[in-house]
Every structure is written in C-alpha cells, then in structure tokens.
Amino acid sequence: MAADLDEFIDQLALVDHHVHGAFRDDGAESRFQNSLNEGNSESLIDPSTGYNSQLAFALRRWCAPLLDLPVHVAAQDYWRRRSEIGEAEIARRMLTHAGVSEWLVDTGFRTDDFLSPAEMARLSGGSAREIVRVETVAEQLITTIGNPNDYADAFRNLLSERTVDAIGTKSVIAYRAGFDLDLSRPSDTEVATAAAHWCDEQSAGGTARLADPTLLRFGLHAAVDLGLPLQLHVGLGDRDLDLRAVNPLHLIEFLRAHEETGVPILLLHCYPYEREAGYLAQAFETVHMDVGLAVNHLGVQSIPLIARSLELAPFGKLLYASDAIGPAELHYLGAALWRRGMRETLGGWVDAGDWSAPDARRVVQMIGRDNARRVYRLG
Ligand SMILES: [Zn+2]
C-alpha cells in the first residue's frame with residue numbers, strides 16, 4: 001500500500017503556484033552561496049557559511065545526482081561541477097526533474113536577472129503563467145503620471161491592463177509596511193493626497209519604491225476588486241521585513257472585509273506562522289496557504305513543517321509552492337522535499353491505519369495540483 005502511495009506522490013505532475021525565475025546567466029560562487037541564505041539580503045562577509053545549513057545539506061543530498069555527482073558530495077566539488085555545467089544546463093536538468101507541469105511565476109523582482117515565464121516553460125517542458133506584483137505596477141505608474149489626482153483611476157486601469165494575460169496578483173505589503181496597521185480601503189481623496197506626496201518625494205530625488213501605507217492598502221483593495229486570486233507574502237523573508245509585523249493574524253479585518261467577494265487570498269510561505277495561517281484557512285472561506293520557501297530552507301526538517309501544515313487547514317486550502325528564485329536547484333529541491341515530506345507524513349498515517357491509502361492519494365493530488373488548478377482556473 002505504502003509503496004503505491006510513494007509512487008503516486010513521486011509521479012504526480014505538480015503546479016508550483018508561487019515561484020520566480022531561475023538565474024539567466026552564469027555567476028560567481030558568492031552569488032550561489034548568498035542565494036542559500038534567505039534572511040540576510042546583504043552580501044555575506046563569509047559567503048561559505050551558506051554551505052553549513054539545512055538547505056545546503058539537502059541540496060547536496062538531492063541535487064548532486066542530477067549533476068552526475070554522488071549524494072552528499074563535498075560543497076567545493078559540487079561548486080566545481082556546477083560551474084563546468086553552467087546555469088542554462090543546470091536549469092534544464094533541475095526544471096525538468098522537478099516534475100512541475102505549471103509554473104505560476106512572480107515577475108515583480110529584478111526581472112532581467114531571471115528567466116521569464118516563457119523561458120521557464122521552454123526549459124522545463126511545462127507551461128508557465130504570470131502573477132503580477134501590485135507594488136511594481138504602482139512603481140511603473142508613479143514615474144509617468146502627470147497629475148497625482150488621477151492616481152486612483154490610473155492605477156486601476158494600469159493594473160487591469162497588466163493582468164490581461166495574468167492569472168493572479170501578488171502583494172509584498174509585508175515588506176513595505178507589514179500587516180499591523182489599518183488595512184481598510186482608503187478614499188480616492190486620501191489616495192490622491194498620498195500620490196501627490198510620493199510625486200513630491202520623487203521630484204526631490206527619492207526612489208520610486210512604494211512604501212506609503214495608504215497607497216499600499218489601496219493597491220491591495222484594487223487587486224481584490226479585479227477578481228483575480230491575490231497572493232500575499234506572509235512570514236519568512238529577508239530582513240527588509242519586520243517578521244513581527246507579518247503574522248497573518250493581523251489580516252483578520254482585511255479578510256473579513258473581502259470574504260463576501262469570494263476572491264481567493266493565498267497566504268504565501270507563512271513560516272513560522274504556519275499554524276496561524278492554518279487557522280485562518282479554516283476560519284475564512286477565501287483563505288488558502290502554502291509553506292513554500294521554508295520547505296527548502298528547513299531541509300530535512302521540512303518533514304515536520306509539512307506535517308504541521310496538515311493540522312487545521314482544510315485540505316482543499318493547501319497548495320504546493322517552491323518559492324524558488326535564482327539557482328535552479330531550488331526549483332527542483334522544493335518539489336523533491338515536498339514529495340519526501342508527503343511520503344513520510346501521509347505514508348506514516350496510512351501505515352498506522354489512521355488514514356486510508358485512497359484518502360492519502362486524493363489529498364496529495366489536491367495539494368500538489370488540483371487546488372491550484374481550481375483556485376487559478378487553470379486548464
Ligand atoms: Zn516569492
């Protein structure tokens with residue numbers, strides 16, 4: 001029975017519902033090493049510390065064979081082989097072996113460094129769709145807008161233009177302001193005042209980075225109004241964000257305000273708040289969640305994380321995501337560790353007689369594939 005379940009889990013074609021592009025060009029070892037650290041976005045003083053982590057150990061365990069190396073090969077030998085092969089061939093191997101049929105790609109961050117959705121599709125043999133980042137649209141608008149009084153309408157128009165071919169939106173308000181603030185819908189007058197202030201800052205030489213709380217929450221509500229599923233960065237991220245302020249329980253009023261619309265809200269990553277997110281997924285019809293990103297960074301400890309994600313959240317509300325970005329090993333590793341965690345967790349429950357094998361298969365398919373296909377209306 002358990003052997004059948006293992007095979008089912010290993011062969012299921014996944015939807016990776018939150019992911020970024022793999023590196024486009026070859027780079028230095030320090031870039032690779034820095035990519036193994038999520039919390040610190042600065043260049044590490046000693047980048048080799050990245051190799052002494054759960055993520056790096058899991059990477060040498062699972063990815064080495066795809067580079068024709070033995071499992072657990074020394075980090076130095078792994079890097080040597082990696083630099084011989086080159087980023088493009090690594091991406092081809094890793095993306096193909098991930099067994100992902102659909103990549104839902106967030107295109108909002110330093111796009112030139114990473115493969116586009118079309119390139120991800122071509123290299124993997126799967127398909128790819130775009131998720132549009134709300135704050136990036138605002139930052140495009142502010143550099144071209146003539147009159148800040150037009151901001152509210154101009155933003156709504158640009159967002160709907162930019163999402164014509166997209167299947168969802170994403171907000172990084174977690175990074176820019178956190179959730180521990182008033183997230184109610186601002187009036188168009190408040191938006192105009194905030195836009196005028198942002199325009200003034202720019203004329204004074206400020207950057208186009210959106211950090212104004214009024215415009216951030218305006219963007220969130222405008223995204224829900226579009227009707228497309230809205231992804232929210234929650235929990236773990238680099239130290240640009242205040243991890244204390246990104247507990248998803250702060251979102252309760254926002255979730256309440258939009259529950260009637262039925263627009264799906266997807267809480268991304270969630271670690272270390274996966275239990276809070278699971279509660280919200282049970283409490284609100286619209287809330288869905290994943291534990292991506294942390295699955296990679298926790299390495300072998302992703303097994304208990306995956307088990308915790310299967311506590312309160314209804315199984316129809318959980319989705320698979322790698323949240324990989326940069327080294328294509330992360331795109332493969334997310335899938336490999338997720339499959340491993342589901343084999344261990346669900347297989348254990350089936351062996352103990354707590355779950356039936358057909359129930360286990362059904363839940364694997366829901367989380368790995370069917371929930372995302374339903375929520376994003378794929379297919
Ligand atoms: Zn991400």
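Here the residue index of a chain counts from 1 through its sequence in written order. Local features in this predicted model are restricted to residues whose pLDDT is 70 or higher, and side-chain atom pairs enter the listing and the counts only when it is 80 or higher, whereas totals over whole chains, interfaces and linings include all residues. No hydrogens and no water enter the side-chain calculation; it runs on all heavy atoms of the structure.

So, the overall build of the protein
So the rule is basically this: The secondary structure listing takes helices from DSSP runs of H or I that are at least 4 residues long and strands from runs of E that are at least 2 residues long, numbered from the N terminus. Burial classes follow relative accessibility: with a 1.4 Å probe on protein chains only, a residue under 20% of its type's maximum area counts as buried, one over 50% as exposed, and anything between as partly exposed. Throughout, a residue-residue contact means that at least one pair of heavy atoms, one from each residue, lies within 4.5 Å. Values of accessible area rely on a 1.4 Å probe in the Shrake-Rupley scheme; residue burial ignores everything except the protein chains shown. For the purpose of charge, His is not counted, nor are the chain termini; Lys and Arg are scored as positive and Asp and Glu as negative. Every charge is mapped to an atom, namely NZ of Lys, CZ of Arg, CG of Asp or CD of Glu.
Helix and strand counts for the protein stand at 17 helices and seven strands. A principal-axis box enclosing the C-alpha atoms of the protein has dimensions of 60 × 45 × 35 Å. Within the protein, the proportion of its 379 residues that are buried is 57%. Residue pairs at least 24 apart in sequence account for 77% of intrachain contacts in the protein once pairs closer than 6 positions are excluded. Surface summary for the protein: the accessible area is close to 15600 Å², and the carbon and sulfur share equals 48%. If you average the places of the 35 positive and of the 54 negative side-chain charges in the protein, the two averages end up 4 Å apart.

Quick notes on the domain arrangement of the protein
Operational definition: Residue ranges labeled as domains rest on an automatic or database domain assignment. Summed over both partners, the accessible surface that disappears when two parts come together, traced with a 1.4 Å probe, is what is meant by buried area. In the sections that follow, a salt bridge refers to a side-chain nitrogen of Lys or Arg positioned within 4 Å of a carboxyl oxygen of Asp or Glu. Polar contact is defined as a pair of N or O atoms within 3.5 Å, subject to the rule that within protein one atom must be able to donate a hydrogen and the other to accept it, and that residues adjacent in sequence are counted only when both atoms are side-chain atoms. The residue classification treats Ala, Val, Leu, Ile, Met, Phe, Trp, Tyr, Cys and Pro as nonpolar and Asp, Glu, Lys and Arg as charged. All others, Gly included, are polar.
We note that the domain assignment places domain 1 (2-23 + 98-375) and domain 2 (27-85) within the protein. Each side of the interface is counted separately: domain 1 has 23 residues, and domain 2 has 20 residues. Carbon and sulfur atoms supply 64% of the area buried between domain 1 and domain 2, which totals about 1800 Å² over both sides. Among the residues of domain 1 in contact with domain 2, Arg-239, His-297 and Glu-329 are the three that bury the most area, contributing 32% of the side total. Summed over the shared surface of domain 1 and domain 2, the number is one salt bridge. Two residues, Arg-82 and Glu-329, come together in a salt bridge whose shortest N-O distance is 2.8 Å. In this assembly, domain 1 and domain 2 are joined by four residue pairs in polar contact (both at pLDDT 80 or more). Of all the elements in the fold, those that place two or more residues in the side of domain 1 that touches domain 2 are α14 (294-298) and α16 (329-351). Among the elements that make up the side of domain 1 that touches domain 2, the one with the highest residue count is α16 (eight residues). Residues belonging to the side of domain 1 that touches domain 2 are distributed by class as follows: 13 nonpolar, five polar and five charged.

Here we look at the environment of Ile-265
Here Ile-265 is to be found in strand β6 (residues 265-269). Since its relative accessible area comes to 2%, Ile-265 is described here as buried. In sequence terms Ile-265 and His-288 are 23 residues apart; their C-alpha atoms lie 6.1 Å from each other. Dropping the residues within four chain positions of it, Ile-265 is found in contact with Val-224, Leu-230, Leu-232, Phe-254, Leu-255, Thr-286, Val-287 and His-288.

As for a nonpolar patch on the surface
The line we're drawing: Residues enter patches when their relative accessible area tops 30% and they take part in no salt bridge; the joining distance is 9 Å for like charges and 5 Å for the nonpolar side chains Val, Leu, Ile, Met, Phe, Trp and Tyr.
Taken together, Leu-249, Tyr-279 and Leu-312 make up a surface patch of nonpolar side chains, about 260 Å² in accessible area. When you line up the elements, Leu-312 lands in the loop between α15 (302-309) and α16. Residue Leu-312 is classed as partly exposed on the basis of its relative accessible area of 43%.

Digging into the sheet that holds strand β1 (residues 14-19)
Note the threshold: Pairing between strands requires that DSSP locate at least two bridges from one strand to the other. For helices, the axis comes from a line fit to the C-alpha atoms of the stretch in contact; other axes are also lines fit to C-alpha atoms, and the angle between any two N-to-C directions lies between 0 and 180 degrees.
With respect to topology, seven strands assemble into an open sheet ordered β1-β2-β3-β4-β5-β6-β7, the strand pairing being parallel. Only two strands of the sheet have a single partner each, and these edge strands are β1 and β7 (287-289). Strand-to-strand twist in this sheet, taken as the mean axis angle between neighbours without regard to direction, amounts to 25°. Set on the sheet, helix α13 (residues 274-283) makes contact with β6 and β7; between it and β7 the angle comes to about 145°.

Concerning the side chain of Arg-339
Relative to the elements of secondary structure, Arg-339 occurs in helix α16. One buried charged residue, Arg-339, forms no salt bridge at all, with the nearest opposite charge on Asp-10 at 5.3 Å. Among the polar contacts made by the side chain of Arg-339, one reaches the main-chain carbonyl oxygen of Leu-12 at a distance of 2.7 Å. Only 2.9 Å separates the side chain of Arg-339 from the backbone oxygen of Ala-98, close enough to count as a polar contact. Beyond its immediate stretch of four places on either side in the chain, Arg-339 contacts Ile-9, Asp-10, Gln-11, Leu-12, Leu-14, Ala-98 and Gly-99.

Some remarks on the nonpolar core
Using the following cut-off: Buried Ala, Val, Leu, Ile, Met, Phe, Trp, Tyr and Cys residues form a nonpolar core when they are joined through side-chain atoms within 4.5 Å.
Counting residues in hydrophobic clusters, the biggest one holds 119 residues, and the most contacted among them are Tyr-78, Tyr-151, Phe-155 and Leu-267. A total of 10 residues in this core trace back to one element, the largest contributor, which is α16. When residues of this core are sorted by domain, at least three fall in each of domain 1 (2-23 + 98-375) and domain 2 (27-85). Contacts of Leu-267, omitting those with residues within four sequence positions, involve Leu-232, Val-234, Pro-248, Leu-251, Ala-277, Leu-280, Val-287, His-288, Met-289 and Asp-290. Membership of the second largest hydrophobic core comes to 10 residues, among which are Ile-167, Leu-266, Leu-319 and Leu-378.

A few points about the coordination of the zinc ion
The textbook angles at a metal center are 109.5 degrees for a tetrahedron of four donors and 90 or 180 degrees for an octahedron of six. Using the following cut-off: Here a donor is an N, O or S atom found within 2.8 Å of the metal, or within 3.2 Å if the metal is Na, K or Ca; sites may look incomplete because water is not among the atoms.
Distances from the zinc ion to its protein donors, His-18 (NE2), His-20 (NE2) and Asp-323 (OD), fall within 2.0 to 2.2 Å. Spacing between the donor residues of the zinc ion along their common chain follows H-x1-H-x302-D. You'll find His-18 and His-20 in the same group, each marked buried.

Side note on the pattern of salt bridges
Using the criterion set out here, one finds 28 salt bridges in the structure. Taking the shortest distance from any N to any O, the salt bridge between Glu-89 and Arg-92 comes out at 2.7 Å. Note that Glu-89 and Arg-92 are positioned in helix α5 (residues 87-97) at a spacing of three residues, about one turn of the helix. The exposure class of Arg-92 is partly exposed, given its relative accessible area of 38%. Between Arg-373 and Glu-102 there is a salt bridge; the shortest N-O distance is 2.5 Å. Highlighted residues: Arg-373 in helix α17 (residues 357-375) and Glu-102 in strand β2 (residues 100-106), separated in sequence by 271 residues. For Arg-373, a relative accessible area of 22% gives the class partly exposed. Each of Asp-68, Arg-81, Glu-84, Glu-89, Arg-92 and Arg-93 takes part in a single network of salt bridges with overlapping partners.

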